[in-house]
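A structural walkthrough
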Amino acid sequence: MDNRTQIIEIIRRVAGKEPPAAADESLFDSGVLDSFGLQDLVTELEHIFDVKIPDGDLTPRKFESIERIERYLEEHGK
Amino acid sequence: MAFLKAFGSYLPERVVSNAEIGARVGCDAEWIRNVSGIDERRFARDDESVTDLALRAAQDCLERAKVKASELGMILVASGSSERQFPGPAASVANRLGLNTTPCLDMPMASAGSLFGISLASRLCASLGPILVIGAEKMSQIVEREPMERGVAILFGDGAGACLVDPSNGFARVLDCELYSDGAYAEDLKLSFSSPLEMNGRSVILQASRKIPRAIAALLQQHRRRAADVAVFLMHQANQNLIARVAQALEVAEDKFYSNIKRFGNTSSASMLIAAAEWSRSNELAPGETLCFAAFGAGFHWGALLAEGSEV
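Residues numbered from 1 in each chain as written. Chains lettered and ligands numbered in written order. Predicted model: local features only at pLDDT ≥ 70, side-chain atom pairs only at ≥ 80, totals over all residues.

Observations regarding the domain arrangement of chain B
All names here are of chain B. Per the domain assignment, the segments of chain B are domain 1 (3–166) and domain 2 (172–309). Each side of the interface is counted separately: domain 1 has 48 residues, and domain 2 has 43 residues. Elements that contribute at least two residues to the side of domain 1 that touches domain 2 include exactly β1 (3–10), β3 (40–43), α5 (113–128), β6 (131–138), α6 (140–143), α7 (150–153) and β7 (158–166). By residue number, the principal contributor to the side of domain 1 that touches domain 2 is α5, which donates 7 residues. Class assignment for the residues of the side of domain 1 that touches domain 2 results in 23 nonpolar, 17 polar and 8 charged. (Domains from an automatic or database assignment. Contact = placed C-beta atoms within 7 Å. Helix = DSSP H or I, 4+ residues; strand = E, 2+ residues; numbered from the N terminus. Nonpolar A, V, L, I, M, F, W, Y, C, P; charged D, E, K, R; others polar.)

A look at the interface of chain B and chain A
The interface of chain B with chain A comprises 10 residues on the first partner and 8 residues on the second. When contributions to the side of chain B that touches chain A are tallied by element, the ones reaching two or more residues are α8 (201–222) and α9 (240–250) of chain B. Within the side of chain B that touches chain A, the residues separate by chemical class into 2 nonpolar, 5 polar and 3 charged.

Description of the pairing of β1 of chain B
Residues and elements named next belong to chain B. Taken across its 8 residues, β1 has 8 buried, putting it largely inside the fold. Two strands pair when backbone bridges link them, and β1 and β7 are joined in this way by 7 bridges, in the antiparallel orientation. Bridge pairing links Tyr10 to Ala160 in β7. For β1 and strand β8 (residues 172–181), the ladder comprises 2 bridges, and the chain directions are antiparallel. When the sheet's bridge partners are listed, Leu4 is paired in β8 with Ala172. (Buried ≥ 20, exposed ≤ 12 C-beta atoms within 10 Å, placed from the backbone. Pairing = 2+ DSSP bridges.)

In structure tokens, the structure reads:
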């Protein structure tokens, strides 16, 4: 399973909603994630991708869309 | 040594329902309850100042402690909503308590102010004597600044809380505290002069959800205690959903966190002490039991403080 597919599955599970069709669409503006959902998403990403996301990287903008999450994991994943 | 001797509080009379505030910012009562856990909050009268609120909480606390104002070694007042740039409300509160030489300190810190105040007082009281720590906020005068922003307007309320920190006796001995500050997030929650409050709620929640439980866990570990051993957590009443997340992260039941946000909203620096005062009116900390304060707010500033029930 590629990263994008896994990310979409995690979002679906955490938010209980269907992620936006476009990978660059905001997960917040589309109503898929709220502030607490974002926290859950980050926790799940750390767990599934075995990556430690430091507090300094924890800005909503970095995790705003599927595309941005994918980019972050490519740059920081194992 | 430092002890918590008593708490006090004051809430203005006027109750502002979710329906009332929601109508002003275009959202319904149920939505507000779902995103915050708040049903209503209190707004002070136009002629009530931060100093007025602080004074009432101070008087309540001193009465409960059976201590005269003249016995105080210092007064600390935390407030992010003070009407004046300077002087802050601390000296005015002292003046209205009849004091004209007692040193006072203003802490313009918003939500974490009371926690930092108690921590500071616990270190200073051995040399200065009993220190009255007050958190007082008139947030209504800020949230009503135009343009009113929905995510801000629904959260806040007015009120004041107080705690007397004594060097020789009290119902709980202060064990230790962990305080932190990180100015990298200063822009994420700020109040500029005469401007509306600006809040990046997502950043606040993301950081608070991690930093609060981490601060509590670090403190507990240093004192070889488990979260489950804590009798009561008295946390800044920012948002009920955040309180639930912190409880979940510490793997304790949510009801270990005393909460009154439903009735009073987020009163910023006052909230932790308003909750403490209400808790103390119907609960006691038995000798040896642990009490844990925690707060997070603009700065960002955050931390936790442990106290242990003592023989009174």
